[in-house]
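Each chain, written out:
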2 protein chains.
Amino acid sequence: MAKTLDSLLTVTTPVDLSTYDSRATTGFSGEKADAERQLAAMGEELSDLQEKLFAVGRAGTSQTRVLVVLQGMDTSGKGGIIRHVTGLVDPQGLAITSFKKPTPEELEHDFLWRVERRLPQPGMIGVFDRSHYEDVLIGRVRQLAGPEEIERRYGAINDFEKAFTDSGGILIKCFLHITADDQKERLLARLDDPTKHWKYNPGDLDERMLWDDYQRAYALALERCSTDDAPWHLVPSGRKWYRNWAVGALLTEKLRALELEWPKADYDVEAEKARLAGM
Amino acid sequence: MAKTLDSLLTVTTPVDLSTYDSRATTGFSGEKADAERQLAAMGEELSDLQEKLFAVGRAGTSQTRVLVVLQGMDTSGKGGIIRHVTGLVDPQGLAITSFKKPTPEELEHDFLWRVERRLPQPGMIGVFDRSHYEDVLIGRVRQLAGPEEIERRYGAINDFEKAFTDSGGILIKCFLHITADDQKERLLARLDDPTKHWKYNPGDLDERMLWDDYQRAYALALERCSTDDAPWHLVPSGRKWYRNWAVGALLTEKLRALELEWPKADYDVEAEKARLAGM
């Protein structure tokens, strides 16, 4: 039996990011054009699966909900995935949250407070563009919290995610892996294209200067928080077309495995037909 | 100069819904396949326009935001438009709200309270699946408020919408016009298809029994709340392909008219390139 993409992309511990090729095309054979064609075709199935998930949620018969967590350095493609992959399904079934620097109100609470409030409702596909992992990434690198608090957070994240998956949540965590050279190329491309200047922020380079620290923080987060029910996937993201294909395929695989059925009518179909015929 | 679709679809007062053909294809010449092809092609432009709107919003240089209000009887296609038209753009730029029966908390406030909170932020395209108009539609038909309060609401809506458009909001109000026969056909189709049973609710027929009352309430709402800055468009919706094309074309027309420019960099592009080259 062919291995699932889910298992092929799950990180193995201990995590050493330098051993992963950002331009790998794990689980895919073909060229860019093939991947784009396959992704478009996948859109049809994904769209059907999403509608079924939505229907089941609406019927109130299941707590199933999906959450895609996207993490990665600037330019790794979080926005690109939301646009090109989750953009394939009905936007009514999506709940997208882009986590920014916490507000003063958010800082008054535990770091998971703002995240909990954005978890998807039954039937929905939630997408986190950055997430609670920032609190052990920039949190660690910039020392926004003390070492003990950072240490506590890995366990708190595991507990939080377990509560989510135990109650019918499906968690798909994707680390979009690029190298410092990949990022350089993409930042330069932004600077070279006036229609992309708005996406660039000089502060991005301040973070880039801490590249190695971020890689260490990522490796640690992936290692400490990859669990059986909520594994971390490392998605090689040096090639945008593979990255999009891979996340689309992961999502399709997960939704397909739910083997969802259309909800049965909770009313008498024939009686309703008769009633309608007379109106 | 060719008339805009905007002007072609704007209701003229007094409004008599019985004079509008639900199967008209105003402003469009061609067949179903042409409309679907045109809509797909429109997706490219719409997607670019939306990204520019988003960029301008992100840059903080403009308060421009768009709100599409969708109203219509059950099966008129509010969900279909969200899926097939707004689904053409990046979901990150959409803020979709589906208004249901008000919660007890919402009922404690003025009817506009819950609507105000869901207005789109600068750069976003908001979509209302039902809206504040329900408070003068089902509100009137089911007498959920007294006659004086209902009367007051038309003016309150006009003031509310004026504040929105005066502050840079673009309002696109679409009444999806179908006949009772169109609805009967679509409800029967839902009952005939087990994959659509979840979309049907026996309560839908209770509302259908009040068809004429709803038509009167709609005519009144369209008449009282169609203003120069926020006109009501009557979108013939007996043909789904025309309905989707028309709303897509309206949205494209409005966004195009904004003549948005990509935001200029607020940093020194060459200096950033030099800085990046050294990293």
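In the block above lies the structure referred to throughout.
Remember, predicted model here, so these are calculated numbers, not experimental data.

Caption draft 1: Representation of the overall build of chain A within the structure. Assigned secondary structure in chain A consists of 12 helices and 5 strands. Computed over C-alpha atoms, the radius of gyration of chain A comes to 20 Å, within 12% of the 19 Å expected from 2.2 N^0.38 for 279 residues, which places it in the range of a compact globule. When the backbone C-alpha atoms are referred to their principal axes, chain A occupies close to 70 × 45 × 45 Å. In chain A, buried positions account for 51% of the 279 residues.

Caption draft 2: Highlighting the interface of chain A and chain B. Contacts between the two partners involve 44 residues from chain A, matched on the other side by 44 residues from chain B. Buried area between chain A and chain B, both sides added, is near 4200 Å², and the carbon and sulfur share of it is 62%. Of all residues in chain A, Arg83, Trp198 and Leu276 of chain A bury the most surface against chain B, accounting for 18% of the area lost on that side. Across the chain A-chain B interface, the total number found is 8 salt bridges. In this assembly, chain A and chain B are joined by 20 residue pairs in polar contact (both at pLDDT 80 or more). Going through the elements one at a time, α2 (32–59), α3 (78–84), β2 (94–98), α8 (180–192), α9 (203–208) and α12 (269–277) of chain A are the ones with two or more residues in the side of chain A that touches chain B. Looking at the side of chain A that touches chain B element by element, the count peaks at 6 residues for α12 of chain A. In terms of residue class, the side of chain A that touches chain B is built from 23 nonpolar, 7 polar and 14 charged.

Caption draft 3: Highlighting the pairing of strand β1 (residues 65–72) of chain A. All names here are of chain A. β1 sits mainly inside the fold: 8 of its 8 residues count as buried. Neither face of β1 is left uncovered, since the one carrying Arg65, Leu67, Val69 and Gln71 and the one carrying Val66, Val68, Leu70 and Gly72 both have all their residues buried. Pairing of β1 with strand β4 (residues 169–177), which is carried by 8 bridges, proceeds in the parallel orientation. Within β4, the residue paired with Val66 across the bridge is Ile170.

Caption draft 4: Examining helix α7 (residues 147–166) of chain A more closely. Taking 1.5 Å per residue, 20 residues should reach 28 Å; α7 of chain A reaches 29 Å between its end C-alpha atoms and fits that length. Two residues or fewer past α7 of chain A, Gly168 of chain A is found with a positive phi of approximately 95°.

Caption draft 5: Main features of the packing of α12 of chain A against helix α8 (residues 180–192) of chain B. In the contact formed by α12 of chain A and α8 of chain B, the axes pass within 10 Å of each other and the chain directions differ by 165°. By the angle between their directions, the pair α12 of chain A and α8 of chain B is classed as roughly antiparallel. Considering how the two elements wind past one another, α12 of chain A and α8 of chain B form a crossing that is left-handed. For the pair α12 of chain A and α8 of chain B, the contacting residues are Val269, Glu272, Lys273, Leu276 and Ala277 of chain A in the first and Lys184, Leu187, Leu188, Leu191 and Asp192 of chain B in the second. Its residues placed into classes, the contact of α12 of chain A with α8 of chain B shows 6 nonpolar, no polar and 4 charged.

Caption draft 6: Local environment of the sheet that holds strand β3 (residues 125–129) of chain B. Residues and elements named next belong to chain B. Spatial ordering of the open sheet is given by β2-β3-β1-β4-β5, a layout of 5 strands whose pairing is parallel. Every interior strand has two partners, whereas the edge strands, β2 (94–98) and β5 (232–236), have only one. When the angles between neighbouring strand axes are averaged without regard to direction, this sheet yields 20°. One ladder, built from 5 bridges, connects strand β1 (residues 65–72) with β3; its direction is parallel. Along β3, the bridge assignment pairs Val69 with Phe128. The sheet contacts of helix α11 (residues 240–257) involve β1, β3, β4 (169–177) and β5, and relative to β4 the element is tilted by about 165°.

Caption draft 7: A look at the packing of aromatic side chains. Throughout the structure, instances matching the rule amount to 16 aromatic pairs over all chains. Here Arg153 of chain A stacks its cationic end above the ring of Phe111 of chain A, 5.0 Å away from the centre of that ring.

Caption draft 8: Spatial organisation of the sheet that holds β1 of chain A. Residues and elements named next belong to chain A. Read from one edge of the open sheet, 5 strands run β2-β3-β1-β4-β5, paired in parallel fashion. In this open sheet, the two edge strands, each paired with only one partner strand, are β2 and β5 (232–236). In this sheet, neighbouring strand axes are inclined to one another by 20° on average, regardless of whether the strands run parallel or antiparallel. Pairing analysis gives 5 bridges linking β4 to β5, with the strands arranged parallel. Pairing of Cys174 across the sheet is with His233, part of β5. On the sheet, helix α10 (residues 211–224) packs against β1, β4 and β5 and is oriented at approximately 155° with respect to β4.

Caption draft 9: Just the pattern of salt bridges, in detail. On inspection of all chains with the given rule, the structure shows 44 salt bridges over all chains. Its salt-bridge partner being Asp206 of chain A, residue Arg275 of chain B comes within 2.8 Å of it at the nearest N-O pair. You can see Arg275 of chain B sitting in helix α12 (residues 269–277) and its partner Asp206 of chain A sitting in helix α9, one on each of two chains. Arg275 of chain B sits in the partly exposed class, given a relative accessible area of 31%.

Cut-offs applied
Residues numbered from 1 in each chain as written. Chains lettered and ligands numbered in written order. Predicted model: local features only at pLDDT ≥ 70, side-chain atom pairs only at ≥ 80, totals over all residues. Heavy atoms only, no water. Helix = DSSP H or I, 4+ residues; strand = E, 2+ residues; numbered from the N terminus. Rg over C-alpha atoms; globule rule 2.2 N^0.38 Å. Buried < 20%, exposed > 50% of the residue type's maximum accessible area, 1.4 Å probe, protein only. Contact = heavy atoms within 4.5 Å. Buried area = accessible area lost by both parts, 1.4 Å probe. Salt bridge = Lys/Arg side-chain N within 4 Å of Asp/Glu carboxyl O. Polar contact = N/O pair within 3.5 Å; in protein donor to acceptor, adjacent residues only side chain to side chain. Nonpolar A, V, L, I, M, F, W, Y, C, P; charged D, E, K, R; others polar. Pairing = 2+ DSSP bridges. Expected span 1.5 Å × (residues − 1). Axes fitted to C-alpha atoms, helices over the stretch in contact; angles between N-to-C directions. Parallel < 35°, antiparallel > 145°, perpendicular 65-115°, else oblique. Left-handed = near helix turned anticlockwise from the far one by under 90°. Phe/Tyr/Trp six-rings, centres within 6.5 Å; stacked < 30°, edge-to-face > 60°. Lys NZ or Arg CZ within 6 Å of the ring centre and 35° of its normal.

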